[in-house]
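A structural walkthrough
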Amino acid sequence: MSQVPHVILRVYVVCVSSDVDSGSDVEGSSGPLVVQLGGSVLLPCAAQDPVPPEGLRVEWRRGDPDSVVNVLQQKDIRADLQSPTFRGRASFFPEEISKGNFSILLSDITREDVGVYRCGVFFNQDLSETTVEIQLSGG
C-alpha cells in the first residue's frame with residue numbers, strides 16, 4: 001500500500017486598513033493559519049465598531065477582480081454574484097454581520113484555493129480592506 005503525502009495549507013494574513021466610518025478599521029488575523037486539504041478555514045475580516053447596513057458593501061475576492069468569493073450588500077448576502085468555484089463553499093456568518101464581523105468560512109479547501117484573498121468593506125465613500133494569503137505547504 002502506498003503512502004499518501006500529507007498536505008497542509010498555510011494561511012498568511014496581512015492586515016491593511018483605513019477608516020470605514022468614524023475611525024472604524026477592518027482587522028484580520030495577525031498570524032498564519034494551518035488547514036488541511038479538504039478542510040475549512042476562517043478568513044477573518046472585522047470592523048472595530050459595528051457598521052450600519054445602509055451604504056454598506058462587503059466584497060471578498062481572490063486574486064483578479066472577476067474571482068468573487070462572496071458579497072454582502074447592506075443586509076443581503078449576494079450568493080448570486082459568487083464565482084461558480086466558490087458557490088456553496090464560502091459563507092458569511094449572518095448573526096455576526098450586525099456586530100461588524102464580515103469573516104467568511106471557506107470549506108472543502110482545494111489546491112485551486114491557493115492565492116491572495118481581499119476583504120473590501122465599502123461604507124458610503126470609504127474603503128477599508130484586509131488581505132489573506134492561502135498557500136499550500138507539504139508536510
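Note: the structure precedes this text.
Structural notes, computed from the coordinates. The shown structure was predicted, so the numbers you read here are calculated from the model rather than taken from an experiment.

**Remarks on the overall build of the protein**
When its secondary structure is counted, the protein shows 1 helix and 12 strands. Counted from the first residue to the last, the protein has its helices and strands arranged as β-β-β-β-β-β-β-β-β-α-β-β-β. Of all 139 residues assigned to the protein, the portion counted as buried reaches 40%. Here the contacts in the protein between residues at least 6 apart in sequence split such that 55% fall between residues at least 24 apart. Entry remark: accessible area of the protein is about 7,300 Å², with carbon and sulfur atoms responsible for 50%.

**Focus: the state of the cysteines**
For the structure on display, the rule yields 1 disulfide. Between Cys45 and Cys119 runs a disulfide, and the two sulfur atoms are separated by 2.1 Å. Looking down the S-S bond of the Cys45 and Cys119 bridge, the torsion is -65°, so its handedness is left-handed. One end of the pair, Cys45, is in the loop between β4 (41-43) and β5 (46-47); the other, Cys119, is in strand β11 (residues 115-123), and 74 residues separate them in sequence.

**A look at the packing of aromatic side chains**
On inspection of all chains with the given rule, the structure shows 1 aromatic pair. Here the aromatic rings of Phe86 and Tyr117 are separated by 6.3 Å at their centres, their planes lie at 75°, and the arrangement is edge-to-face. Remark: Tyr117 occurs in strand β11 and Phe86 occurs in the loop between β8 (76-77) and β9 (90-92); sequence separation between them is 31 residues.

**A closer look at the sheet that holds strand β10 (residues 104-106)**
The strand order across the open sheet formed by 3 strands is β4-β10-β9, and the pairing between neighbours is antiparallel. Unpaired on one side and paired on the other, β4 and β9 mark the two borders of the sheet. Ignoring strand direction, the axes of neighbouring strands in this sheet form an average angle of 25°.

**Focus on the environment of Val71**
Within the secondary structure, Val71 is located in strand β7 (residues 68-73). The exposure class of Val71 is buried, given its relative accessible area of 1%. In this view, Val71 contacts Arg57, Val58, Glu59, Asp76, Ile77, Arg78, Leu81 and Phe92; residues no more than four positions away in its chain are not counted.

Calculation notes
Residues numbered from 1 in each chain as written. Predicted model: local features only at pLDDT ≥ 70, side-chain atom pairs only at ≥ 80, totals over all residues. Heavy atoms only, no water. Helix = DSSP H or I, 4+ residues; strand = E, 2+ residues; numbered from the N terminus. Buried < 20%, exposed > 50% of the residue type's maximum accessible area, 1.4 Å probe, protein only. Contact = heavy atoms within 4.5 Å. Areas by Shrake-Rupley, 256 points an atom, 1.4 Å probe, with all protein chains shown as cover. Disulfide = S-S within 2.5 Å. Phe/Tyr/Trp six-rings, centres within 6.5 Å; stacked < 30°, edge-to-face > 60°. Pairing = 2+ DSSP bridges. Axes fitted to C-alpha atoms, helices over the stretch in contact; angles between N-to-C directions.

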